[in-house]
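Residue strings, one per chain:
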Amino acid sequence: MATQVDDKIVEFDVRTDEMLVNMGPQHPSTHGVLRLVLRTDGEIVSEVTPHIGYLHRCAEKIGENVTPRQWIPYTDRMDYLAAMNMNLGWAMCVEKLLDHQLSEKAKHLRVIISELGRIASHLVGMGTYGLDLGTFSPFLYAFREREKILDLFEDVCGARLTYSYITPGGCTADLPDGWLENCEQFLQQLEPVISEYHTLLTTNAIFIKRTCGIGLLTPEMALDYGCTGPVLRGSGVDYDLRRDGEERYTEMYDGYAFEVIVQKDGNYPRDHDYPSVPVDAVLGDCWHRFYVRMLEVMQAIDLVRQAMDRYRSAEGDWGIPIKLTQKLPKGEVYLETEAPKGQMGFYLVSDGSPIPWRVRARSSSFSNLSVTHELCRGIPIADVPAVVGSLDVVMGEIDR
Amino acid sequence: MSLVADLKKKFGDKILAEKLDVIDPWIEVSVEGLCEVATYLKDEPSLAFDMLNCITAVDYCEPDPKKAKKVDWEPHLEVVYHLSSTTRKHTLVLKLMLPRWKNDQEGELPEVSTVSGIWSTADWHEREVYDLSGVHFVGHPNLRRILCPEDWVGYPLRKDYEMPLDYHGIRGR
């Protein structure tokens, strides 16, 4: 039986003063050291002001004092949940300046590694999103699987978080013996687990209630604010640098079978058995952003499999890194790659010496976060973590 | 690139220079013409630069007098805009050349008008450029430091920037 509420009485009873609430920088659902100042009227947020910079480590300034290969470890520490993809972005930017061509084998190796990185990043994104919404178990499930990816990465380069593996010129080492079999075994075991995640979150009634129709981001607004990656595709914009980017980047994926994960004519790609979209979901809401990420995990599994097949039969070396103090030609280049959280761009200006004159990292999370104040206007406080979590930002990348 | 020819025809002396024989071709726009050119680039359906990827400032200045004799440029500041179009799938680089200081008065920031009304991405990106490289974006709705603390002194990505020795009792080196 629905309770009858007299609007006038409620309004009179709970009238409150405007209040400024400080959320973060030490807050579990701000994904690191993000500080949000909420202007609230009762339960409703009228304005959100994000404050960033708590993790600023002067990466760009440091980049002006070291050679490109020496800067690779600093890229690791940008998006530390997808360090391989950060390495890739910078490595390809330097290679673009040097006009360095990779062998077929080295390209396929990079696809294997960067798509595994994407899975790892999206798993954390999914797990922590569950945490934001008050469920703990998906987080444990996600970290269990991610741990296995870290094991695979450890076998490749010895590190579990900051790899410095992909480097200008190629990679620091070839895959060890038996690694491909281990990887295949992992993928076989991951695939059925994805449907468990869908049960835990994607199709969970509470999860749907907390995310559907919340934080609506229109495609126009997404483009206006420079949102990229799953945030942009969750709004229905069909754009993925792996297909639409620069030739140097897209040729890595030449001949691979993959569809950009985006809702087209009301439908998502049907290459796997995905759960259907709930009736309450509106394109561009938190649920869709989450769903795009989940589908990208499945797609990344396919891509890793295809890349492994090609890698086995490919010719050439695995990519010998350039010299540590290799002289750079004079000039400037800008290159963006599709990192898990969006388009990660690097800009390099060289004056002809081995040390760049200027480096710049265009962070995807930085632009994705800048739309927060639009999404959080007029929503209840409890929905703020749901909205910020759905953007899946990493502070290391925002503050650099 | 026919795009550059078209722009030159349309905007005349607002396009100051172009360099097309480099890896990423760029065109130089005059400071006064920036907003007009930017609006056209975004709104013209055949161009449709709907995304502003990045704004960067590059400081050309050599503090070491010995090395300064060898460089082939006059000290200046460049602001670089990387644009792309999600529908037309093309990219463009715009550049602005600014003096390092307005009227050569050290401490007076050079001025550019903001493009945050055209692409909202510019809001935070311009704040970052202001914070780290010291460019004043005229008309910006909220030009405050974004990465450094609000009471920070100086612009760290300027080449003649000196690390402070002390910040609120924290030793600098």
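Structure first, text after, so check above.
A short tour of the structure in this document, coming up. It should be emphasised that the depicted structure is a prediction, and the values quoted were computed from it without experimental measurement.

Section: the overall build of chain B
Helix and strand content of chain B: four helices and nine strands. Sequence-ordered secondary structure for chain B, helices as α and strands as β, is α-β-β-α-β-α-β-β-β-α-β-β-β. Overall, the C-alpha framework of chain B stretches about 55 × 40 × 30 Å when taken along its three principal axes. Relative to its full complement of 173 residues, chain B shows a buried share of 50%. In chain B, once contacts between residues fewer than 6 apart in sequence are set aside, the share between residues at least 24 apart is 51%. Taken as a whole, chain B presents about 8500 Å² of accessible surface, with 51% of it coming from carbon and sulfur. Taking the average location of the 22 positive side-chain charges in chain B and that of its 30 negative ones, the two points are 3 Å from each other.

Here we look at the environment of Y256 of chain A
Residues and elements named next belong to chain A. Note that Y256 resides in the loop between α12 (247-250) and α13 (286-313). When the C-alpha positions of Y256 and A307 are compared, they lie 8.1 Å apart, and in sequence the two are 51 residues distant. Within the local environment of Y256, its side chain forms a polar contact with the side chain of H108, the two groups lying 2.9 Å apart.

Quick notes on the pattern of salt bridges
All names here are of chain A. Counted by the stated rule, this structure contains 46 salt bridges over all chains. The shortest N-O distance in the salt bridge between R358 and E60 comes to 3.2 Å. Of the two residues, R358 sits in strand β8 (residues 358-362) while E60 sits in helix α2 (residues 59-63), which places them 298 residues apart along the sequence. You can call R358 buried: its relative accessible area is 3%. For E60, a relative accessible area of 5% gives the class buried.

Examining the interface of chain B and chain A
Frequently, the measure chosen for interface size is the accessible area removed from exposure when the parts meet. Between chain B and chain A, the residue contacts involve 41 residues of the former and 41 residues of the latter. Both faces combined, the contact of chain B with chain A buries some 3400 Å², and carbon together with sulfur accounts for 56% of it. Area buried by chain B at its contact with chain A is led by W124, L147 and L157 of chain B, which between them contribute 20% of it. Seen at the junction of chain B and chain A, the total is seven salt bridges. Between K89 of chain B and D244 of chain A there is a salt bridge; the shortest N-O distance is 3.7 Å. At the boundary of chain B with chain A, the tally comes to 21 residue pairs in polar contact (both at pLDDT 80 or more). Residue assignment for the side of chain B that touches chain A shows that the elements contributing at least two residues are β3 (51-60), β4 (76-84) and α4 (121-133) of chain B.

Quick notes on a positive patch on the surface
Where like charges cluster on the molecular surface, the positive patch consists of K66, K67, K69 and K70 of chain B. Of note, K67 of chain B is situated in helix α3 (residues 65-68).

Side note on the sheet that holds strand β7 (residues 342-350) of chain A
Residues and elements named next belong to chain A. Read across the open sheet, the three strands follow the order β6-β7-β8; overall the sheet is antiparallel. Among the strands making up the open sheet, the edge pair consists of β6 (331-339) and β8. In this sheet, neighbouring strand axes are inclined to one another by 10° on average, regardless of whether the strands run parallel or antiparallel. Examined bridge by bridge, β7 and β8 share five bridges and lie antiparallel to one another. When the bridges of β8 are listed, V349 appears paired with R358. Running over the sheet, helix α4 (residues 83-98) touches β6, β7 and β8 and is turned about 150° from β6.

Thoughts on the pairing of strand β1 (residues 15-19) of chain B
Residues and elements named next belong to chain B. With four bridges connecting them, β1 and strand β2 (residues 26-29) associate as antiparallel partners. Following the sheet pairing, K19 is matched in β2 by W26. Linking β1 back to β2 in an antiparallel pair, the connection comprises six residues.

Quick look at the packing of aromatic side chains
The way to describe two aromatic rings as a pair is by their centre distance and the angle between their planes. Going through the model one piece at a time under the given rule, you end up with 21 aromatic pairs over all chains. Centre to centre, the rings of W71 of chain A and W90 of chain A are 4.7 Å apart; their planes meet at 75°, and the pair counts as edge-to-face. One end of the pair, W71 of chain A, is in helix α3 (residues 68-76); the other, W90 of chain A, is in helix α4, and 19 residues separate them in sequence. For the pair W71 of chain A and W90 of chain A, one class covers both residues: buried. Each member of the aromatic cluster is reached from another via a ring pair, and the members are Y249, Y253, Y256 and F258 of chain A. Across the ring face of F143 of chain A, the terminal group of R146 of chain A is positioned such that the distance to the ring centre comes to 5.2 Å. Lying over the aromatic face of W357 of chain A, K159 of chain B brings its terminal NZ or CZ to 4.0 Å of the ring centre.

Thoughts on the packing of helix α1 (residues 2-11) of chain B against helix α2 (residues 34-43) of chain B
If you want to describe how two helices pack, look at the angle between their axes and the distance between the axes. Residue and element names in this part refer to chain B. Relative orientation of the contacting elements α1 and α2 amounts to 130°, with a least axis distance of 12 Å. Comparing their axes, α2 and α1 come out oblique. Crossing angle aside, the handedness with which α1 passes α2 is right-handed. Where α1 approaches α2, its residues L7, K10 and F11 are matched on the opposing element by E36, V37, Y40 and L41. Of the residues assigned to the contact of α1 with α2, the class counts are five nonpolar, no polar and two charged.

Notes on the nonpolar core
One finds I52, I112, L116, Y165, L175 and W179 of chain A to be the most contacted residues of the largest nonpolar core, which totals 128 residues. Of the residues forming this core, the biggest block, 16 residues, is contributed by α13 of chain A. Listed in part, the 32 residues of the second largest apolar core include I27, I55, Y81 and V115 of chain B.

Focus: helix α6 (residues 137-157) of chain A
Residues and elements named next belong to chain A. Its 21 residues give α6 an end-to-end C-alpha distance of 30 Å, which sits within 8% of 30 Å, the value for a rise of 1.5 Å per residue. Within α6, burial applies to P138, F139, A142, E145, R146, I149, L150, L152, F153 and V156. End-on, the buried residues of α6 take up no more than an arc of 160°, which puts them together on one face. Residues of α6 that are buried make contact with α4, α5 (104-132) and α7 (179-202). Looking one or two residues beyond α6, the residue adopting positive phi is G158, at roughly 95°.

About the thresholds
Residues numbered from 1 in each chain as written. Chains lettered and ligands numbered in written order. Predicted model: local features only at pLDDT ≥ 70, side-chain atom pairs only at ≥ 80, totals over all residues. Heavy atoms only, no water. Helix = DSSP H or I, 4+ residues; strand = E, 2+ residues; numbered from the N terminus. Buried < 20%, exposed > 50% of the residue type's maximum accessible area, 1.4 Å probe, protein only. Contact = heavy atoms within 4.5 Å. Areas by Shrake-Rupley, 256 points an atom, 1.4 Å probe, with all protein chains shown as cover. Lys, Arg positive; Asp, Glu negative; His and termini not counted. Charge placed at Lys NZ, Arg CZ, Asp CG, Glu CD. Polar contact = N/O pair within 3.5 Å; in protein donor to acceptor, adjacent residues only side chain to side chain. Salt bridge = Lys/Arg side-chain N within 4 Å of Asp/Glu carboxyl O. Buried area = accessible area lost by both parts, 1.4 Å probe. Patch = residues over 30% accessible without salt bridge, like charges linked within 9 Å, V, L, I, M, F, W, Y side chains within 5 Å. Pairing = 2+ DSSP bridges. Axes fitted to C-alpha atoms, helices over the stretch in contact; angles between N-to-C directions. Phe/Tyr/Trp six-rings, centres within 6.5 Å; stacked < 30°, edge-to-face > 60°. Lys NZ or Arg CZ within 6 Å of the ring centre and 35° of its normal. Parallel < 35°, antiparallel > 145°, perpendicular 65-115°, else oblique. Left-handed = near helix turned anticlockwise from the far one by under 90°. Nonpolar A, V, L, I, M, F, W, Y, C, P; charged D, E, K, R; others polar. Core = buried A, V, L, I, M, F, W, Y, C linked by side-chain atoms within 4.5 Å. Expected span 1.5 Å × (residues − 1). Arc of directions from axis to C-beta.

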